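# Breakdown of the fold
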Amino acid sequence: MSIYLLLIVFFIVLICAFLLYLESGILVFFICSTSFQYLEHISLLNLTALDYFGIFFPMIFFIGLFFNNKNLFNIFLDNYLIKHYFIIIMIFLFCGVLFTGMVYPLNTNTSLIERLGVWFKLINNFSILISINLLFIDSQKVNTLLNCMLLSLLVPASLFSYQIITGETIFNYRTGYSFATAYFHHPGVIAYALVFHFPISLLKLYNSTSIRDKIFWVVIIMIFLCLIYFTYRRGAWLALLFQLSIYFFFLQKNKFKISFLYLSLFLIFIFSFTTISSIFIDRFSDVTILFDNFWMSIETHTYDDLFSGRWGFYRSNFIYLFNQPIFNMLFGNGIGATYFIPAKLGVAGGGHNIYLILLIDYGIIGFLAYISFLFAIFIKLLGSLHSPNPFISSFSKMLITLFISYLIIGMVTHVLYSNAPNWLFFGLLGAFLGVDNSSKNKLVMHKQQYILKNYNFRKNSIELIPKRG
């Protein structure tokens, strides 16, 4: 009973913060963002407390924007990425929620309310995107936001470390490994929270000016690396590898590339004499088994257990993908179809791949709409790498690193529907767009002032010239 009372008091405080001073409410929200996943443990009427929070959360944001006199109409006119994402949300509403069971026979085991609950997660992302875009428009505010995002890991990472030290882990018979969960409902929550926040620490190190700050962020980065290793999640390891490679080898200058290359060779040499190398080889041994038995793994159920059972989900959904009715292929089968389809083929579970989810749940139209949005983000970030504003340049490098790891993790899990990673990603995207727009507006204003000043100077000079006659 006490936990329910504590939650009620907390949400009242959070709502008041949003209504009275939206910026403070957002900072409090991000400090608690990772810990909000603990609400999965509380359920009522087949929905968790996190589901209820996800439904009411956008309302709080939009009411907060109204109370703080923020004009939402202007933001639609000023930013094409925000308009693009809003259009995607509307497409997903029809393709993922409304069409199934209404336009064509129900092809999912989720109810209308459950599908709306999932769809509201996209509304959450949208509300975060526009709120931060409106409020966090300078580097100082964004740095405060980044600090709050990192603080969200303090409690979960401490609990995760405690479980590792004390051995309070959960043994998984399918993988043969024991996982620490940080008391979340699934060990993947803390794993992906760590790997998604990691690029922020790289940005902090890159922007540090004093030796003391650099040492501090090096220590934080080492803690991140150790904790991500102990998650034993292949997707997190793979994402981390891409993050380090992209950030240091592709986005930095030659001295960083050389340092990263030497550090990588040193770590590989050290790991080759420890059990760490054998753990990596063992965790990725499914790849070898798959390629050695590729055709049999496609034609039969024999290897459905590969990749912690994911191969069975992928195979079943791929079979349906090329044999579904043309209308479903175009407009999707509805949210939850990637779970419903494998069940019909004798495989329990589903999802775990955002690209299959997009193609099957939302159809080719929904898939192309979302992929075009991701492509537009990537082009926008690439264009900002050489920005005259050093903060925007470094911020875009961090966001590209996070963005590509988001795409990689999307191949092995349903990150499209994961709350905390999407809150983080769209929060950072909103901050980037806000600072970038503000910087461009200031540049335009300076140019106008310069032109006006130059015009007045010439006008005054002409007036000072004595007239002949």
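The structure this text deals with has already been given above.
An account of the accompanying structure is given in this report. This structure is a prediction, so every number in the text was calculated from the model and none was measured. (Residues numbered from 1 in each chain as written. Predicted model: local features only at pLDDT ≥ 70, side-chain atom pairs only at ≥ 80, totals over all residues. Heavy atoms only, no water.)

## Details of the side chain of Arg315
With respect to the helices and strands, the residue Arg315 is situated in helix α16 (residues 310–321). Take Arg315: its relative accessible area is 8%, and that puts it in the buried class. With residues up to four places along the chain from it excluded, the contact list for Arg315 reads Ser297, Ile298, Thr300, His301 and Asp304. (Helix = DSSP H or I, 4+ residues; strand = E, 2+ residues; numbered from the N terminus. Buried < 20%, exposed > 50% of the residue type's maximum accessible area, 1.4 Å probe, protein only. Contact = heavy atoms within 4.5 Å.)

## Points about the packing of aromatic side chains
One pass over the full model with this rule turns up 35 aromatic pairs. Judged by centre distance (6.4 Å) and plane angle (85°), the rings of Phe230 and Tyr232 are edge-to-face. (Phe/Tyr/Trp six-rings, centres within 6.5 Å; stacked < 30°, edge-to-face > 60°.)

## What about empty space enclosed by the protein?
Tallied over the entire structure, the rule returns two cavities of 30 Å³ or more. Within this model, the largest cavity holds a volume of roughly 50 Å³. In terms of lining, the largest cavity is formed by Leu50, Asp51, Phe53, Gly54, Gly117, Lys121, Asn419 and Trp423. At the level of secondary structure, the elements contributing two or more residues to the lining of the largest cavity comprise α3 (49–67), α6 (112–135) and α22 (419–464). Looking at side-chain class alone, the lining of the largest cavity contains three nonpolar, three polar and two charged residues. In this model, the second largest cavity occupies a volume close to 30 Å³. Residue lining of the second largest cavity: Lys121, Asn124, Asn125, Leu416, Tyr417, Ser418, Asn419, Asn422 and Trp423, and that is the complete set. Counting only elements with at least two residues in the lining of the second largest cavity, the list comes to α6 and α22. Of the residues assigned to the lining of the second largest cavity, the class counts are three nonpolar, five polar and one charged. (1 Å grid on protein atoms, 1.4 Å probe; cavity = no way out; pocket = protein on both sides within 12 Å on 5 of 7 lines; lining within 4 Å. Points joined across faces, edges and corners; volume = space filled by probe spheres on them. Nonpolar A, V, L, I, M, F, W, Y, C, P; charged D, E, K, R; others polar.)

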